[in-house]
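Listed below are the residues making up each chain.
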Amino acid sequence: MEKGYFITLEGGDGTGKTSQINALKAQLEKTGKTVVTTREPGGSTGAEEIRNLLLQGEPNRWLPMTEVLMLYAARLDHVERLIKPELAKGNWVISDRFADSSMAYQGYGHDLGEDAVMRVQKSALGDFEPDLTIVLDLPVDLGLARAGVRIEENSCSEDRFERMGVNFHEKLREGYLAIAKNNPDRCKVIDASGSVDEVAALIWAVVQKKLDVGTGI
Ligand code: TYD
C-alpha cells in the first residue's frame, strides 16, 4: 500500500487557505491519490461540538489557556478519530489549520508563550505532527482587506477570532514566521499575495519536492 501524507495549511485570516486546499486536493487526485480534507477547530463529531463553544460569543469569552485546552481536546479527537485512521488506509489528509494555529493565535497572538502551548501539545499529541505544513504569508493589511470582504458577504459567520485588532494580526504573522523558522524541515512559507492559480503552483511545487506524489495515472 502507498503511504498517505498529512499536510496542513496555515495562515492568518484572509490568506486564502480554502481555495488552496481545494486546488491541492484536485492536483493530488489527478495523480490517483485519495484525499480527505478537514479543518480545525473541528474535523470530527466531538471536535465540531467544541468548535461551536470556541467560535461563538464575545471575543474574551475564554481565557487563552482555556482556549488552548479546548483546542487540544478537539485536536486529540480529530487526530485519533479521523486523521490517523485515514492515514492508516493510505489516504492523504489535508487540514485547514492544525497545531500551528494554536501556537500562532494563542501562543504568540494572545501572548501565552511558546512553552505553555508546547507543553499542552506534548501531553495531548506526543510526537504526532504533519508531514508538511504550508504557511500562507500575507502582509496584514492585505489579509484583513481580503477577510473583510468575506465577512461582509457572510455577515452571520462565526467571526469571534476575526474581530481582533491589527496589532494582534501583526503578532500572528510574526508568530507563523517564527514557527516556520523553528521547524524548517516541516514548514514552508509561501507568498500568498499572488492569484489563486499562482499560489497553487507554488504550493504544488513544494508538495512534489517534499513528498512522494508518484508519477500519476
Ligand atoms: P474559521 O472560521 O475556521 O476561520 P479561518 O477561515 O480563518 O480558518 O475560524 C477559525 C478561527 O479559529 C481562526 O480565526 C483561527 C482560530 N484558531 C485559533 O485561534 N487557534 C487554533 O488552534 C485554531 C485551530 C484556530
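Further up the page is the structure itself.
What this report covers is the structure whose coordinates are included nearby. (Residues numbered from 1 in each chain as written. Predicted model: local features only at pLDDT ≥ 70, side-chain atom pairs only at ≥ 80, totals over all residues. Heavy atoms only, no water.)

The next point concerns the layout of surface pockets. Rolled over the atoms, a probe sized like a water molecule indicates the empty space that remains. Computed from the structure, the second largest pocket encloses a volume of approximately 290 Å³. Lining the second largest pocket we find 20 residues, and of these D100, M118, Q121, N183 and R186 sit closest to its centre. Elements with a contribution of two residues or more to the lining of the second largest pocket: α4 (99-109), α5 (114-125) and α7 (166-182). Top element by residues in the lining of the second largest pocket is α5. It accounts for five residues. For the lining of the second largest pocket, the residue count by class is 10 nonpolar, four polar and six charged. (1 Å grid on protein atoms, 1.4 Å probe; cavity = no way out; pocket = protein on both sides within 12 Å on 5 of 7 lines; lining within 4 Å. Points joined across faces, edges and corners; volume = space filled by probe spheres on them. Helix = DSSP H or I, 4+ residues; strand = E, 2+ residues; numbered from the N terminus. Nonpolar A, V, L, I, M, F, W, Y, C, P; charged D, E, K, R; others polar.)

This brings us to the pattern of salt bridges. Applying the stated criterion to the full structure yields 14 salt bridges. With a shortest N-O distance of 2.8 Å, D137 and R173 are connected by a salt bridge. With D137 in strand β4 (residues 132-137) and R173 in helix α7, the pair connects residues that are 36 residues apart, well separated along the chain. Counted as one network, the salt bridges with shared partners bring together D100, E129 and R186. (Salt bridge = Lys/Arg side-chain N within 4 Å of Asp/Glu carboxyl O.)

Let's shift gears to the sheet that holds strand β5 (residues 187-191). In space, the five strands of this open sheet follow the order β2-β3-β1-β4-β5, with parallel pairing throughout. Unpaired on one side and paired on the other, β2 (35-39) and β5 mark the two borders of the sheet. Pairs of neighbouring strands in the sheet enclose a mean axial angle of 20°, with direction left out of account. Alignment of β4 against β5, held across five bridges, turns out to be parallel. Counterpart to I134 in the pairing with β5 is K188. Of the strands in this sheet, β1 (6-11), β4 and β5 are in contact with α4, which crosses β1 at around 20°. (Pairing = 2+ DSSP bridges. Axes fitted to C-alpha atoms, helices over the stretch in contact; angles between N-to-C directions. Contact = heavy atoms within 4.5 Å.)

The next thing to look at is the side chain of H78. Secondary-structure assignment places H78 in helix α3 (residues 64-88). In this structure the side chain of H78 is engaged in a polar contact, spanning 2.8 Å, whose partner is the side chain of E40. The residues touching H78, leaving out its near neighbours within four places in the chain, are T38, R39, E40, G42, G43, S44, I83 and S95. (Polar contact = N/O pair within 3.5 Å; in protein donor to acceptor, adjacent residues only side chain to side chain.)

In terms of nonpolar packing, the biggest core is built from 26 residues, with F6, Y72, I83, F98, F128 and Y176 touching the most fellow members. Broken down by secondary-structure element, the contributors of at least two residues to this core are α3, α4, α5 and α7. Residues within four places of Y72 in sequence aside, it is in contact with A99, S102, V117, V120, Q121, A124 and L125. Among the nonpolar cores identified, the runner-up in size contains 22 residues, and I7, A192, V207 and V213 belong to it. (Core = buried A, V, L, I, M, F, W, Y, C linked by side-chain atoms within 4.5 Å. Buried < 20%, exposed > 50% of the residue type's maximum accessible area, 1.4 Å probe, protein only.)

Its 14 residues place the ends of helix α1 (residues 17-30) 20 Å apart at the C-alpha level, agreeing with the 20 Å of an ideal helix rising 1.5 Å per residue. Buried within α1 are the following residues: K17, Q20, I21, L24 and L28. All buried residues of α1 lie within an arc of 100° about the axis, which places them on one face of the element. On the buried face of α1, the contacting elements are β1, β2, β3 (92-96), β4 and α8 (196-210). Following α1 by one or two positions, G32 has its phi on the positive side, about 90°. (Expected span 1.5 Å × (residues − 1). Arc of directions from axis to C-beta.)

So, on to empty space enclosed by the protein. Inspection of every chain in the model, using the stated rule, returns one cavity of 30 Å³ or more. Estimated volume of the largest cavity: approximately 140 Å³. Looking at the largest cavity, it is lined by 16 residues, and the ones nearest its centre are G12, T15, L138, H169 and R173. Every element with two or more residues in the lining of the largest cavity is listed here: β4, α6 (140-153) and α7. Among the elements that line the lining of the largest cavity, the one with the most residues is α7, at four residues. Classifying every residue of the lining of the largest cavity by side-chain character gives eight nonpolar, five polar and three charged.

Under the 1.5 Å per step criterion, the end-to-end length of α5 is 16 Å for 12 residues, consistent within 8% with the ideal 16 Å. Regarding α5, the residues found buried are A116, V117, V120, Q121 and L125. Axial view of α5: buried residues confined to an arc of 130°, hence all on one face. When the buried face of α5 is taken as reference, the exposed residues oriented beyond 90 degrees from it are D115, R119 and S123. Backbone geometry just after α5 places G126 at a positive phi near 60°.

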